[in-house]
Amino acid sequence: MAEALPTIDAKRILIYMPTWLGDCVMATPTLRALRGLYPQAHLAALVKAPMKPLLDGLPWVDRLVTIRSPRAGCQTNRRRGACALAARLKSQRYDLAVLLPNSFRSALNVYLAGIPRRLGYERDWRGMFLTDQLKPLRRGLGFVPDPTLNYYMKIAEHLGVRDADRTMKLFTRKADDERACALLERVGYRCGGGRLLVLLNPGANKIEKRWAPAKFAELGDRCAKTLNAVVAVTGAPRERELVEAVIAQAKTPMVNLLQFGMNLRLLKSVIRQAGLVVTNDTGPRHIAAAMDVPVVTLFG
């Protein structure tokens with residue numbers, strides 16, 4: 001790892017956020033650290049549009065800038081989108097870009113935007129676009145594995161952050177909390193009423209990461225019987241059949257949260273009310289951890 005830089009005198013800073021939900025959550029300590037290092041600067045976080053609700057309410061950034069996804073398979077739209085993004089960023093006159101993802105595209109985008117200082121790891125053949133490069137640890141021809149949270153925090157430490165709080169944290173809006181409680185009351189759970197809410201998340205991006213629906217159903221039955229818990233099942237919209245399979249195999253009634261038009265903002269508020277989350281290795285486990293909710297993660 002390179003030596004720490006003298007603190008860059010930046011008044012407008014762009015933090016290029018990761019793509020995946022879990023990685024975005026694990027980047028929140030770095031956002032907090034950068035705010036502490038630059039208390040007077042304007043901090044903007046650049047996120048893909050679907051991730052914006054996840055970071056909504058964070059007190060450490062002044063603005064969330066979204067990357068709009070092009071239509072699938074349309075290279076013309078992709079090129080136009082990259083140019084439009086560069087133009088938007090250039091108009092904001094950022095002094096410093098901090099790149100958390102390793103992608104070539106992220107470095108190219110901030111280079112095209114003309115941001116004078118561009119800091120990130122020298123990976124994915126993008127060193128030519130970075131003014132300040134961090135050297136990831138290597139072992140032979142490969143990279144030394146590093147926990148994602150630490151990997152991001154080392155970028156902040158490179159800028160001068162010391163002894164940073166590494167606790168992940170997410171925030172909810174009052175209106176979303178009220179909507180979540182109203183939804184849960186319709187299915188027999190009253191927020192703050194004393195009963196335990198157990199949230200099951202049987203989905204995952206990769207099938208091999210998924211615990212069997214029958215096992216989730218059996219666990220939910222046990223929670224309902226032994227803990228007098230209200231058991232709810234959630235997942236991504238494309239996992240509707242999986243959620244329904246868990247509920248169909250259960251012997252006790254379970255709540256299908258997908259029937260209530262769940263979205264990422266509302267999911268945060270529902271998880272905040274839970275007393276326990278049981279999930280595969282996927283995004284909601286990070287949300288639960290960032291909400292300080294007990295979580296059991298099943299790794300397959």
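What comes next is a walk through the structure. (Residues numbered from 1 in each chain as written. Predicted model: local features only at pLDDT ≥ 70, side-chain atom pairs only at ≥ 80, totals over all residues. Heavy atoms only, no water.)

**As for the packing of aromatic side chains**
How we decide: What counts as a ring pair is set by centres within 6.5 Å for rings of Phe, Tyr and Trp (its six-membered ring), and what kind of pair is set by the plane angle: stacked under 30 degrees, edge-to-face over 60, tilted for all other angles. Each helix is a run of H or I in the DSSP string that is no shorter than four residues. Each strand is a run of E no shorter than two, and both are numbered from the N terminus. Exposed residues in this analysis have more than 50% of their type's maximum accessible area, buried residues have under 20%, and partly exposed residues fall in between, with area computed by a 1.4 Å probe over protein chains only. Cation placement over rings: the criterion is NZ of Lys or CZ of Arg within 6 Å of the ring centroid and within 35° of the ring normal.
Under the defined criterion, the tally for this structure stands at six aromatic pairs. An angle of 75 degrees between the planes, with centres 5.7 Å apart, marks the rings of W60 and F171 as edge-to-face. Pair noted here: W60 is in the loop between α3 (52-55) and β3 (63-67) and F171 is in the loop between α6 (148-159) and α7 (174-186), with a separation of 111 residues, a long-range link. For W60, a relative accessible area of 12% puts it in the buried group. When the centroid spacing of 5.0 Å and the interplanar angle of 45 degrees are considered together, the rings of Y111 and F129 count as tilted. Residue Y111 is found in helix α5 (residues 104-112), and its partner F129 is found in the loop between β5 (117-121) and β6 (132-134); the two are separated by 18 residues along the sequence. When its relative accessible area of 40% is taken as the criterion, Y111 is described as partly exposed. Here the aromatic cluster, defined as three or more aromatic residues joined through ring pairs, consists of F104, Y111 and F129. The aromatic ring of F143 is capped on one face by R123, whose charged end is 3.7 Å from the ring centroid. Over the ring of F171 we find K169; its NZ or CZ atom is 6.0 Å from the centre of that ring.

**Re the sheet that holds strand β4 (residues 96-99)**
Hydrogen bonding along the main chain pairs the strands of a sheet, whether they run parallel or antiparallel. Put simply, the rule is: We call two strands paired when DSSP finds no fewer than two bridges between them. To get an axis, a line is fitted to the C-alpha atoms, and for a helix only the part in contact is used. The angle between two axes follows their N-to-C directions and goes from 0 to 180 degrees. Any two residues whose heavy atoms approach within 4.5 Å are treated as being in contact.
A sheet is described by the order of its strands in space; here six strands give the open sequence β3-β2-β1-β4-β5-β6, paired in parallel fashion. Edge strands, defined here as strands with exactly one partner in the open sheet, are β3 and β6. Neighbour to neighbour, the strand axes of the sheet diverge by 20 degrees on average, direction disregarded. As paired strands, β5 and β6 are joined by three bridges and run parallel to one another. The partner of L119 across the bridge, within β6, is D132. On the sheet, α6 packs against β4, β5 and β6 and is oriented at approximately 140 degrees with respect to β5.

**Some points on the pattern of salt bridges**
The criterion, for reference: In the sections that follow, a salt bridge refers to a side-chain nitrogen of Lys or Arg positioned within 4 Å of a carboxyl oxygen of Asp or Glu.
On inspection of all chains with the given rule, the structure shows 14 salt bridges. Of the charged contacts, one joins R32 and D165 as a salt bridge, the two residues approaching to 3.9 Å between their closest N and O atoms. Highlighted residues: R32 in helix α2 (residues 28-37) and D165 in the loop between α6 and α7, separated in sequence by 133 residues. Given the relative accessible area of 41%, D165 is considered partly exposed.

**Digging into unusual backbone geometry**
Its identity as a non-glycine residue notwithstanding, R93 has a phi of 55 degrees, on the positive side. Take R93: it is sitting in the loop between α4 (75-91) and β4. A relative accessible area of 68% places R93 in the exposed class. A positive phi is found at N228, a non-glycine position, where the angle reads about 55 degrees. Along the chain, N228 falls in the loop between α8 (213-227) and β10 (230-233).

**Regarding the pairing of β5**
Condition: When the strands point away from the viewer, a crossover counts as right-handed if the path from the first strand over the helix to the second runs clockwise.
Burial analysis of β5 places four of its five residues in the buried class, which makes it a mostly covered element. Where β4 and β5 come together, three bridges link them in parallel fashion. By the bridge assignment, L96 is partnered in β5 with R117. The parallel pair β4 and β5 is bridged by α5, and the resulting crossover is right-handed.

**Thoughts on the packing of α2 against α6**
We count it as follows: Each angle receives one of four descriptions, namely roughly parallel if under 35 degrees, roughly antiparallel if over 145, roughly perpendicular if within 65 to 115, and oblique otherwise.
With their axes 9 Å apart at the nearest point, α2 and α6 run at an angle of 10 degrees to one another. It follows from the interaxial angle that α2 and α6 lie roughly parallel. Together, P29, T30, A33, L34 and L37 of α2 and L149, Y152, M153, A156 and L159 of α6 make up the contact between the two elements.

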